[in-house]
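Close look at the chain arrangement
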Amino acid sequence: MDWRKGIEGQRRADLGDGTFLNPIMAGDHPDPTVLKDGEDYYMTFSSLYSYPGVVVWHSRDLVNWTPVGSAVTKPLGTIWAMDLVKCNGRFYIYIPANPGGAQSILVIHADDIRGPWSDPIDLNVSGCIDPGHCVGEDGKRYLFFNGVRRIALTDDGLATAGALEHVYNPWHYPDDWTVEMFAPEGPKLFRRGEWIYLVAAVGGTSGPPTSHMVTVARSRSIHGPWQDCPHNPIVHTKNADEPWWSRGHATVVQGPNDKWWMIYHGYENGFRTLGRQTLLEPIEWTRDGWFFAAGGTLLKPIVKPMQAPSGASGFALSDDFSTNKFGVQWSFFNPGEDETQRARYEARALVISAKGTTLSDCSPLTFIVGDRSYEASITLEIGHGVQAGITLFYSERMFCGFGFNNQQMFTYNYGQEQTWMRHDLPTKTVRLRVVNRANIVTFYYSRDGGAWVKHPWQMEVSGFHHNVLGGFLSLKFGVYCAGAGDVRLHDFIYMALEE
């Protein structure tokens, strides 16, 4: 297995020989929205329950991406598929979220992609997700949604200017296909020549491997009528033997050297635990103005969009806590309003204040993992009244892990503490380690800075994913801290492993 090791073990797409191998963004980076701004490309993803969230990434070649920063710091509830656009010199992100528990479409804006971003403005559009922005031939701005429905915007893009209306009946696959459900969603629009193209997903995001797919329609007018592509679906996993499952939710963008590309997400065969990863595929145009996908099953390397050196990709996952990596690597799961106040940096350590009573309700500190097999280790100084440890965390309903307070060791699996495994083991400073080899998990600890002690329970976590648990999440590495007091984090080391 070629793990394409990058900085500190991150899996990278660029093979260094003028080709790349998918994914271009390993780990859970679903619903990609991509903006071309001159020679620069920017991309962001659904961030769901993680805050800081809506991390914006930058690339020059569509293969190598580096983080710019987080656009949202205050919790807005669950953040779903967005649209990142630039209009009249200003950047906008249209965000489906549920602040205060009420689903709506919000918008933030900035004059610089690096921010600062405005506070969210509620457009008061309920019952819709997956906004897709487009400027019509009439010069007016519109948002399209799942369905496919549409609403007009004011010229500044910060308010609606009409009623929500149904504008297109999406293409439907044959009734005998094996898919999750129809679920037309993710409309993304772009112009080429005399046509406006509407790219959408149908089939359901997960379910059977053959569910999600990419479809295309076009119109000469923003007001229709829309014609279905005769080649639909242009992307579809046909059987479970393919390397990528449920491929869909695409954005089409003109790449370097004028060729066109499609960026979408999919599940890696056998590794739904990693979430929906970001995939890049070339498209080719037909003489009659349609396009088709040219990457096949994405099993083989593909020639890069641009051959010139493109610089760094990703970022180091190991962390000595000398710099603030919140919103780039680290984020709290499902945090409260003032969650970031729990964290402070002190002399090459990250200090986290405890919350809740156990792993399930403490909003652990997590980050997205993109490798099938990896190991990670960290040193914890555990304060009085605190239980702290490490976890592989899907949601408050499902996780595994282990940790300590000053008197005992605690073990978690199947989303709950296994109280029968409590063990008296006085601990103040401990180094913890997890080894995940293709969803077989082994934990270790060292209280003396020397030999590792293997935890007596090895766990199998291949079922910790959306098809079992719902929520559209992934299995992340995390550090938890429950009770009352502080834990100090030191010397986090992450490394991808070869099988």
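Values in this document were obtained by computation on a predicted structure and should not be read as measured data. (Residues numbered from 1 in each chain as written. Predicted model: local features only at pLDDT ≥ 70, side-chain atom pairs only at ≥ 80, totals over all residues. Heavy atoms only, no water.)

1. Digging into the overall build of the chain
- Tallying secondary structure elements over the chain gives 1 helix and 40 strands in all.
- Dimensions along the principal axes, computed over C-alpha positions, put the chain at roughly 70 × 45 × 45 Å.
- The long-range fraction of contacts in the chain, counting pairs at least 24 apart against all pairs at least 6 apart in sequence, stands at 57%.
- Entry remark: accessible area of the chain is about 18,800 Å², with carbon and sulfur atoms responsible for 49%. (Helix = DSSP H or I, 4+ residues; strand = E, 2+ residues; numbered from the N terminus. Contact = heavy atoms within 4.5 Å. Areas by Shrake-Rupley, 256 points an atom, 1.4 Å probe, with all protein chains shown as cover.)

2. A closer look at the nonpolar core
- Met262, Leu380, Phe477 and Leu489 are the most contacted members of the largest nonpolar core, which has 99 residues in total.
- Residues contacting Phe477, with those up to four places away along its chain left out, are Trp330, Leu365, Thr366, Phe367, Val369, Ala376, Ile390, Thr391, Leu392, Val434 and Phe492.
- If you look at the next biggest cluster of nonpolar residues, it comprises 20 residues, including Val54, Met82, Ile95 and Leu106. (Core = buried A, V, L, I, M, F, W, Y, C linked by side-chain atoms within 4.5 Å. Buried < 20%, exposed > 50% of the residue type's maximum accessible area, 1.4 Å probe, protein only.)

3. So, the side chain of Ser246
- Inspection of the secondary structure assignment puts Ser246 in strand 20 (residues 244-254).
- Separated by 3.4 Å, the side chain of Ser246 and the backbone oxygen of Ser206 make a polar contact.
- Beyond its immediate sequence surroundings of up to four residues, Ser246 is in contact with Thr205, Ser206, Pro208, Pro209, Ser211, His212, Thr237, His265, Gly266 and Tyr267. (Polar contact = N/O pair within 3.5 Å; in protein donor to acceptor, adjacent residues only side chain to side chain.)

4. Describing unusual backbone geometry
- A cis amide bond, omega -5°, links Tyr51 with the succeeding residue Pro52.
- Its place among the elements puts Pro52 in the loop between strand 4 (50-51) and strand 5 (53-59).
- Cis geometry marks the peptide bond from Gly147 to Val148; its omega dihedral reads 10°.
- Note on placement: Val148 falls in the loop between strand 12 (141-145) and strand 13 (149-153).
- Unusually for a residue other than glycine, Asp130 sits at a positive phi of about 60°.
- Here Asp130 shows up in the loop between strand 10 (121-122) and strand 11 (132-135).
- Asp130 sits in the buried class, given a relative accessible area of 3%.
- Phi at Asn439 is positive, roughly 75°, even though this residue is not glycine.
- For Asn439, the location among the structural elements is in the loop between strand 35 (429-437) and strand 36 (440-446).

5. Regarding the packing of aromatic side chains
- For the coordinates displayed, the defined rule picks out 40 aromatic pairs.
- Aromatic pair Tyr92 and Tyr94: ring centres 6.1 Å apart, planes at 10°, arrangement stacked.
- Measuring from ring centre to ring centre gives 5.9 Å for Phe367 and Tyr494, while their planes differ by 75°; the resulting arrangement is edge-to-face. Of the two residues, Phe367 sits in strand 28 (residues 365-367) while Tyr494 sits in strand 40 (residues 486-496), which places them 127 residues apart along the sequence. Here the two residues Phe367 and Tyr494 agree in accessibility, since each one is buried.
- Against the face of Tyr92 rests Arg141, its NZ or CZ located 4.4 Å from the ring centre.
- Between the NZ or CZ atom of Arg272 and the centre of the ring of Tyr267, over which it lies, the distance is 4.8 Å. (Phe/Tyr/Trp six-rings, centres within 6.5 Å; stacked < 30°, edge-to-face > 60°. Lys NZ or Arg CZ within 6 Å of the ring centre and 35° of its normal.)

6. Observations regarding the confidence of the model for the chain
- Scored by pLDDT, the chain comes out at a mean of 95, with 97% of its residues at no less than 70.
- Confidence over residues 1-7 falls short of pLDDT 50; this stretch has 27 contacts with residues more than four positions distant or in other chains. (pLDDT = per-residue confidence, 0-100.)

7. Considering the environment of Ile113
- Note that Ile113 resides in the loop between strand 9 (104-110) and strand 10.
- Spatially, the C-alpha atoms of Ile113 and Arg141 are 20 Å apart, while their sequence positions differ by 28 residues.

8. Looking at the environment of Gly136
- Residue position: Gly136 is located in the loop between strand 11 and strand 12.
- Gly136 sits in the buried class, given a relative accessible area of 6%.
- Distance in space between the C-alpha atoms of Gly136 and Ser221 is 7.0 Å, their sequence separation being 85 residues.
- Setting aside anything within four residues of it in sequence, one finds Gly136 in contact with Tyr142, Arg191 and Ile222.

9. Let's talk about the environment of Ala354
- For Ala354, the location among the structural elements is in the loop between strand 27 (350-353) and strand 28.
- What makes Ala354 buried here is its relative accessible area of 18%.
- Taking the C-alpha atoms as reference points, Ala354 and Asn334, 20 residues apart in sequence, are found 15 Å from one another.
- Excluding anything up to four places from it in sequence, Ala354 contacts Arg342, Val386, Cys481, Ala482, Gly483, Ala484 and Gly485.

10. Some details on the sheet that holds strand 12
- The antiparallel open sheet is built from 4 strands, whose spatial order is 11-12-13-14. Two strands in the sheet have a free side with no partner beyond their single neighbour: strand 11 and strand 14 (165-166).
- The sheet contact formed by strand 13 and strand 14 spans 2 bridges and is antiparallel. Residue pairing for strand 14: Arg150 is matched across the bridge by Glu165. (Pairing = 2+ DSSP bridges.)

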